[in-house]
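Close look at the chain arrangement
Single-letter residue listing:
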Amino acid sequence: MAIGTIVSRASGFLRTVAIAAALGTSGVSQAYNVANTTPNVLYDLLLGGILTSVIVPVMVRAAKEDPDGGDSFASSLLTIMILGLGAAVAVGMLVAPWITDAYLHSGPAERALGTEMLRWFLPQIVFYGVGATIGAILNVRQSFAAPMFAPILNNLIVIATCVAFVYIVSGPHPPGVDGPKAISNAQITVLAGGTTLGVVAMTLALLPSLRKVGFRYRPRLDLRHPELRSAARLAGWTLLFVIVSQAGYLVIVNLSTATTAYTIYTYGYQIFQLPYAIIGVSVITALLPRMSGHAAQGRRDLVRADISTATRVAVTAIVPAALFILALGRPIAVAVFYHGAVRYHAAVDIGDTLSAFALALVPFSLFQVQLRAFYAYQDSRTPALVNMGVVAVNVLGAVVLTVLVPEQHRAPALALAFAFAYLVGLAATTILLRRRLGGVDGNRTARVITQVAVAAGLGAVIASLLARGIRSVIGTGWLSSGVAVVIAAVVGGALFIAVARRMNVHEVNALAEVVNGRLRRGRGRGRPGGPTASPAAADRTGRAERTGRTERTARREPSSRTGARAPTPPRREGPDDRSGSATGTRRAGRAPRRR
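What this report covers is the structure whose coordinates are included nearby. (Residues numbered from 1 in each chain as written. Predicted model: local features only at pLDDT ≥ 70, side-chain atom pairs only at ≥ 80, totals over all residues. Heavy atoms only, no water.)

Description of the packing of aromatic side chains
Worth spelling out the cut-off: For Phe, Tyr and Trp, where Trp contributes only its six-membered ring, two rings pair if their centres lie within 6.5 Å, and the inter-plane angle classes them as stacked under 30 degrees, edge-to-face over 60, or tilted in between. Secondary structure elements are defined from DSSP: runs of H or I of at least 4 residues count as helices, runs of E of at least 2 residues count as strands, and each element is numbered from the N terminus. The rule is simple: take the accessible area with a 1.4 Å probe, protein chains only, and divide by the maximum for that residue type; under 20% is buried, over 50% is exposed, in between is partly exposed.
Under the criterion given, the structure shown has 17 aromatic pairs. Both rings, one in Tyr 103 and one in Tyr 249, keep their centres 5.4 Å apart while their planes meet at 45°; by these two values the pair is tilted. One end of the pair, Tyr 103, is in helix 5 (residues 96-103); the other, Tyr 249, is in helix 11 (residues 226-257), and 146 residues separate them in sequence. Judged on exposure class, the residue Tyr 103 and its partner Tyr 249 are both buried. With a centroid separation of 5.3 Å and an interplanar angle of 20°, the aromatic rings of Tyr 267 and Phe 337 are classed as stacked. Here Tyr 267, found in helix 12 (residues 261-296), pairs with Phe 337, found in helix 13 (residues 300-337); they are 70 residues apart in sequence, far enough to count as distant.

Given below as structure tokens:
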């Protein structure tokens, strides 16, 4: 699953580069990105978080309680998704001009182009929703590969579309929205049609996996199914959040499209999402079904351990990624985007925006992980309310910074508002989760974050200095910037690992062992959801050290078996300790306490 996520996100990264090279940061790019983002925002809410988070816990319960293993519930859900989203698309086609006018704060030619493209893109909503639901069905049945690999097909089709747009289809390059270099009808058809075709292919690619796990879709609309009613109740809060989120997004788009900041903001955001998408989404996808089962059993201790495990795995990779992106934002953006229609100053602006987004990476990722605990308890109200608060803070911060910061720095300012909003959101979810679970293993998590931040901070500083030195010698073009980034990342990354191991950060040691083992074997031996094995290894490492200490203590202070107390059951510390505290099994080497 992790390999599928990495390949998928890598191809998505190349897709972003291809779109930028074909369109640049001009009015056509702005119209394309705004029109295409409308279904993409729903996609992020559906697959990346909200819909899957609501549906998976309900599906887990239906699979356990229904005689058919939840198949009828899943079929009804798919039917509702097709009918409901199909109706939404039909309405959207009619009101497309008003939607475009609401989002695009620009001239009439750009709004007309945005409307035309929006009508091409609206059908994607149906396929995004159906694909998200199929992904949930597969995840509940412990099939993770197809939802991770399917987006690769989408990305490859869009990349091929961009190549055809530049080298095959006749028209101006780069195109404009009006005048002698206005984009041609053939270019619009190829660009918009190819983008939608990629989404259709991505969804259809999931169908063979449904048959493989034994699911057969039968059109049905059982509105009285108890789990469907439960899902509808949970989705009510989700719908409210979607409305508020779209209102907040509307403000951000209008603030950014008043200049050319929107495209720069969008490209910076897409690169910022990569570490979370590779690490965070993999962890969440593997975590949620298991955590939902623990919540259904009333095992609060196991849910708390699941959250601790997921958090420590995430920060081990995401904290270094955030610090290195902060340090190398400009050379990364120049290496990635300084091609085709993108000019050097635009690439530098993307780099500054990317560095601002880096400040959001840790709070955003941990916020998403923590929300899954509420969804595991089938509580969509709390996440919806917290998310609405995040949207409000983001909008308020964006408006204030737009007034205070010069116009040419608007994109980084909007990214800083985004970062502050998720920092507030993380503080809120941490407090609420501590109350619900009786704690979140905060001391242990804070220790890991601090150690990883210190080690990664040293590596990021060295990487920044090294990249600057290399670029000052061999130049600031895309190739020299790419060379500088690679060398700086390798040297800084090696320093981070060396310092982390010297500090005895068990999670980094375990993660390195897992990576080395997969490189040697070419495949992992763990269960689906490989990334979640890392903290288990870290927990075993920590337990081994504690066992060694207790054995040494036992040798110094031998205890008599006569009259010894039964040992306290060990606290569950990782996903491999499936028996939890109920087993009463003593850890190896632990000496019983004396009376």
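Now that the structure has been shown, we can carry on.
A few points about unusual backbone geometry
Here His 173 and Pro 174 are connected by a cis peptide whose omega angle stands at -10°. Tracing the sequence through the fold places Pro 174 in the loop between helix 8 (145-167) and helix 9 (185-204). Notably, Asn 504 is not glycine yet its phi reads approximately 60°, a positive angle. Mapped onto the secondary structure, Asn 504 falls in the loop between helix 18 (478-502) and helix 19 (506-521). Relative accessible area serves as the criterion here: at 33%, Asn 504 is assigned to the partly exposed category.

Structural notes on the pattern of salt bridges
Test applied: When a carboxyl oxygen of Asp or Glu lies within 4 Å of a side-chain nitrogen of Lys or Arg, that pair is called a salt bridge.
Tallied over the full model, the rule gives 6 salt bridges. Of the charged contacts, one joins Arg 141 and Asp 71 as a salt bridge, the two residues approaching to 2.5 Å between their closest N and O atoms. With a gap of 70 residues between them, Arg 141 in the loop between helix 7 (124-140) and helix 8 and Asp 71 in helix 4 (residues 71-94) connect regions that are remote in the sequence. Where Arg 330 meets Asp 352, a salt bridge forms, and the shortest distance between an N and an O atom there is 2.7 Å. With Arg 330 in helix 13 and Asp 352 in helix 14 (residues 344-376), the pair connects residues that are 22 residues apart, well separated along the chain. Using a relative accessible area of 42% as the deciding quantity, one classes Arg 330 as partly exposed.

With respect to helix 14
Our working rule: One fewer than the residue count of a helix, multiplied by 1.5 Å, yields its expected span.
Between its terminal C-alpha atoms helix 14 stretches 46 Å, which fits the 48 Å expected from 33 residues at 1.5 Å a residue. Burial runs high along helix 14: 27 of the 33 residues are buried. Two residues or fewer after helix 14 comes Gln 378, characterised by a positive phi angle close to 55°.

Description of the packing of helix 13 against helix 18
Put simply, the rule reads: To obtain an axis, a line is fitted to C-alpha atoms, over the contacting stretch when the element is a helix, and the angle between two such axes runs from 0 to 180 degrees between their N-to-C directions. By the definition adopted for this analysis, an angle is roughly parallel if under 35 degrees, roughly antiparallel if over 145, roughly perpendicular if from 65 to 115, and oblique otherwise. The handedness criterion is simple: a crossing whose near helix is rotated anticlockwise from the far helix by less than a right angle is left-handed, and one whose near helix is rotated clockwise is right-handed. Any pair of residues with heavy atoms lying within 4.5 Å of one another is described as a contacting pair. Charged means Asp, Glu, Lys or Arg here, nonpolar means Ala, Val, Leu, Ile, Met, Phe, Trp, Tyr, Cys or Pro, and polar covers whatever is left, Gly included.
The N-to-C vectors of helix 13 and helix 18 enclose an angle of 160°; their axes lie 9 Å apart at closest approach. By the criterion of interaxial angle, the relationship of helix 13 to helix 18 is roughly antiparallel. When the axes of helix 13 and helix 18 are compared, the crossing they make is right-handed. Mapping the contact onto sequence places Thr 316, Pro 320, Phe 324, Leu 328, Pro 331, Ile 332, Val 334 and Ala 335 in helix 13 and Trp 478, Ser 481, Gly 482, Val 485, Ala 488, Ala 489, Gly 492, Gly 493 and Phe 496 in helix 18. Within the contact of helix 13 with helix 18, the residues separate by chemical class into 12 nonpolar, 5 polar and no charged.

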